[in-house]
Amino acid sequence: MPSAARIRSNYAVVLAALVFAVAAIFIADTLTDYAVAVAIFHTAVMLVATRFLGVRAVAALAVACVVLTCLSFVLTPSGDYKIGLINTGISVVAIGVTAYLGLKLKGAEAQIHEARERITRIARLTTLGQLTASIAHEVSQPLAAIAASAGAGRRWLTQPQPNTEKALAAVDRITRDADRASEILDRVRRLARNEAPASSIFDLNAAVTEIIALSSSAAGASGAVINADLSESLPAAFADRVQVQQVVSNLLLNGIEAASAVPKLSPRLTVTTRLVQDRLTVAVADNGPGLSAEAAEHLYDAFWTTKTGGFGLGLTICRTIVEANGGRIWTETSPLGGARFAFDLPVAGDKP
Ligand SMILES: Nc1ncnc2c1ncn2[C@@H]1O[C@H](COP(=O)(O)OP(=O)(O)O)[C@@H](O)[C@H]1O
Ligand SMILES: [Mg+2]
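The name given to the chain in an unreviewed UniProt entry is histidine kinase, with the source organism recorded as Brevundimonas nasdae. In the Catalytic activity (unreviewed entry) part of its UniProt record, the chain is described as follows: "ATP + protein L-histidine = ADP + protein N-phospho-L-histidine."

This is the structure:
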């Protein structure tokens, strides 16, 4: 049976049972002596009614109970009239109070329900907003690189003597960055759906070297120098390679942005890989201003940013990714004087 029809039929059954109870109480109240206050049982009917019926039905039932209580007082043939009057008065007041309190409770329940619905709606919107912003944040880098390569390619081709070799290299970079953008979109989608990372066994140093090359070309304008201090003969990592690269890329970008904000400072960064107690660790250090106390407290809060054009999502995404890959992310003092972010990953033998 469809649920709407079932609810309607349940409603009819409850209503019929309540009308039957009210009628039974009325008959019993009329047939018994004034001293027997059967009408007080109408309050039980009201309690059930407020639980199952709508506001109007409850109010109508309350009026009916009061009317029937008074009618039964008039019709009752035997007993002490004064006691009957008092009992009827008490019953009428009790019915009224029960109906009033029941309806008030119903109103409060409806408000709670509405508030809960509103919270769910807001939560959904926030998730959607975060998802949109994280996609924009993560894809903006490869998109900027694509635009730069396209510009370069155009220049090589429109020279008096076109340089096809360099133009082709630019086209290759465009292909590579477009692939990367679509890979990132895939990872953001996975994160948003709470799916497990697409883990594989890979060479951490090779992945880090690749992303340093990408970030260096993107950081060209800022004149940032990125050094690699990679430990030799590391065991293979077991994680989502693209996601790990996303984390390193975000940390590098933050370091470059922090150091570039200091006047007359040429940004220097170092990426370190190490094996520490059977865990692979990656650290990104910069020579920027370091972390303020406030920053240290809010680093991973979504949408917390000190930059005018910032999203405040880079580190939130980093932490989500690192934890999804079975690691932790933390900050240390930088040997270069600025900030240093580090995270760890499981080695291939320790896959969960
Ligand atoms: N390497 C760093 N040095 C100094 N401050 C940093 C560094 N990395 C992050 N921060 C601070 O943390 C904030 C949040 O970073 P993030 O989540 O990446 O968002 P966004 O870069 O969009 O501001 C930054 O606005 C900045 O204030
Ligand atoms: Mg950032």
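Read on for the rest.
(A) Spotlight on the overall build of the chain. Looking only at helices and strands, one finds 9 helices and 7 strands in the chain. Expected size for 352 residues packed as a compact globule is a radius of gyration near 20 Å; at 36 Å, the chain overshoots this value by more than 25%. Each principal axis of the C-alpha atoms in the chain carries an extent, and together these give about 115 × 50 × 45 Å. Here the chain holds 352 residues, and the buried ones make up 36% of them. Sequence-distant contacts, at least 24 apart, represent 71% of the contacts inside the chain between residues at least 6 apart. A total of about 19,700 Å² of accessible surface is found on the chain, and carbon and sulfur atoms cover 62% of it. Across the chain, the mean location of the 31 positive side-chain charges is 6 Å away from that of the 29 negative side-chain charges.

(B) Fine view of the packing of helix H7 (residues 241-260) against helix H9 (residues 314-324). In contact at an axis separation of 9 Å, H7 and H9 are set at 150° when each is read in the N-to-C sense. One way to sum up the angle between H7 and H9 is to call them roughly antiparallel. Helix-helix and strand crossings are classified by hand; for H7 and H9 the assignment is left-handed. Side by side, H7 and H9 meet where Gln243, Gln246, Val247, Asn250, Leu251 and Asn254 of the first sit next to Gly314, Leu315, Ile317, Cys318, Ile321 and Val322 of the second. Across the contact of H7 with H9, the residue classes break down as 7 nonpolar, 5 polar and no charged.

(C) Region of interest: the UniProt feature "transmembrane region" (unreviewed entry) in the chain. The positions that UniProt labels "transmembrane region" (unreviewed entry) are, in the present scheme, residues 12-28, 57-75 and 81-103. From the first C-alpha to the last, residues 12-28 spans 24 Å; its make-up is 100% helix and 0% strand. The distance from the first to the last C-alpha atom of residues 57-75 is 26 Å, and the span holds 100% helix and 0% strand.

(D) The domain arrangement of the chain, seen in detail. You can read the domains of the chain as domain 1 (3-122), domain 2 (128-192) and domain 3 (200-350). Domain 2 puts 16 residues into the contact, and the matching count from domain 3 is 20 residues. Between domain 2 and domain 3, a total of about 1,600 Å² is buried, with carbon and sulfur atoms accounting for 64% of that surface. It is His137, Gln141 and Arg180 in domain 2 that bury the most area against domain 3; as a group they hold 36% of the surface buried on that side. Our count for the contact surface shared by domain 2 and domain 3 stands at 1 salt bridge. Measuring nitrogen to oxygen at the nearest pair gives 2.8 Å for the salt bridge that ties Asp240 to Arg187. Taken together, the connections running from domain 2 to domain 3 amount to 4 residue pairs in polar contact (both at pLDDT 80 or more).

(E) Just the side chain of Ser91, in detail. Examined against the element boundaries, Ser91 turns out to sit in helix H4 (residues 81-158). In this view, Ser91 contacts Ala39, Ile40 and Thr69; residues no more than four positions away in its chain are not counted.

(F) Geometry of the site of ligand 1. Around ligand 1 sit 20 residues in total, of which Asn254, Thr305, Thr306, Lys307 and Gly312 are the nearest. In this structure, a nitrogen atom belonging to ligand 1 sits 2.8 Å away from a side-chain N or O atom of Asp286. Contact between ligand 1 and Thr306: an oxygen atom at 2.5 Å from a side-chain N or O atom of the residue. Taking 530 Å² as the accessible area of ligand 1 by itself, protein coverage stands at 94%.

What counts and how
- The numbers attached to residues start from 1 for each chain and follow its sequence in the written order.
- Key to labels: chains lettered from A, ligands numbered from 1, both in the order written.
- Given that the model is predicted, a residue must reach a pLDDT of at least 70 before its local features are reported, and side-chain atom pairs must reach 80 or more before they are shown or counted; all residues, however, enter totals for whole chains, interfaces and linings.
- In computing side-chain values, all of the structure's heavy atoms are included and hydrogens and water are not.
- UniProt positions are given in the numbering used here, feature names are shortened, and annotations may be inferred rather than shown by experiment.
- Numbering of helices and strands runs from the N terminus, with a helix taken as a DSSP run of H or I at least four residues long and a strand as a DSSP run of E at least two residues long.
- Only C-alpha atoms enter the radius of gyration, while the globule expectation follows 2.2 Å times N to the 0.38, with N the number of residues.
- The cut-offs for exposure are 20% and 50% of the maximum accessible area for each residue type, with area from a 1.4 Å probe on protein chains only; residues under the lower value are buried, those over the upper are exposed, and the others partly exposed.
- In this analysis, two residues are considered to be in contact whenever any of their non-hydrogen atoms come within 4.5 Å of each other.
- Here, Shrake-Rupley sampling with a 1.4 Å probe gives the accessible areas, and only protein chains in the shown set may cover a residue.
- When charges are tallied, Lys and Arg are placed among the positive residues and Asp and Glu among the negative ones, while His and the ends of the chain are skipped.
- Taken as the charge centre is NZ of Lys, CZ of Arg, CG of Asp or CD of Glu, depending on the residue.
- To obtain an axis, a line is fitted to C-alpha atoms, over the contacting stretch when the element is a helix, and the angle between two such axes runs from 0 to 180 degrees between their N-to-C directions.
- Orientation labels follow simple angle bins: below 35 degrees gives roughly parallel, above 145 gives roughly antiparallel, 65 to 115 gives roughly perpendicular, and whatever is left gives oblique.
- Here is the rule for handedness: rotate from the far helix to the near one, and if that takes an anticlockwise turn smaller than a right angle the crossing is left-handed, while a clockwise turn gives right-handed.
- Nonpolar residues are Ala, Val, Leu, Ile, Met, Phe, Trp, Tyr, Cys and Pro. Charged residues are Asp, Glu, Lys and Arg, and all others, Gly as well, are polar.
- Just so you know, the domain bounds were taken from an automatic or database domain assignment.
- Once two parts are put together, the accessible area they lose, assessed with a 1.4 Å probe and summed over both, is termed the buried area.
- We count a salt bridge whenever a side-chain nitrogen from Lys or Arg sits within 4 Å of a carboxyl oxygen from Asp or Glu.
- Counted as a polar contact is a pair of N or O atoms within 3.5 Å, where, for protein atoms, one must be capable of donating a hydrogen and the other of accepting one, and residues adjacent in sequence contribute only when both atoms are in side chains.
- We call a residue near a molecule or strand whenever a single non-hydrogen atom of that residue lies within 4 Å of it.

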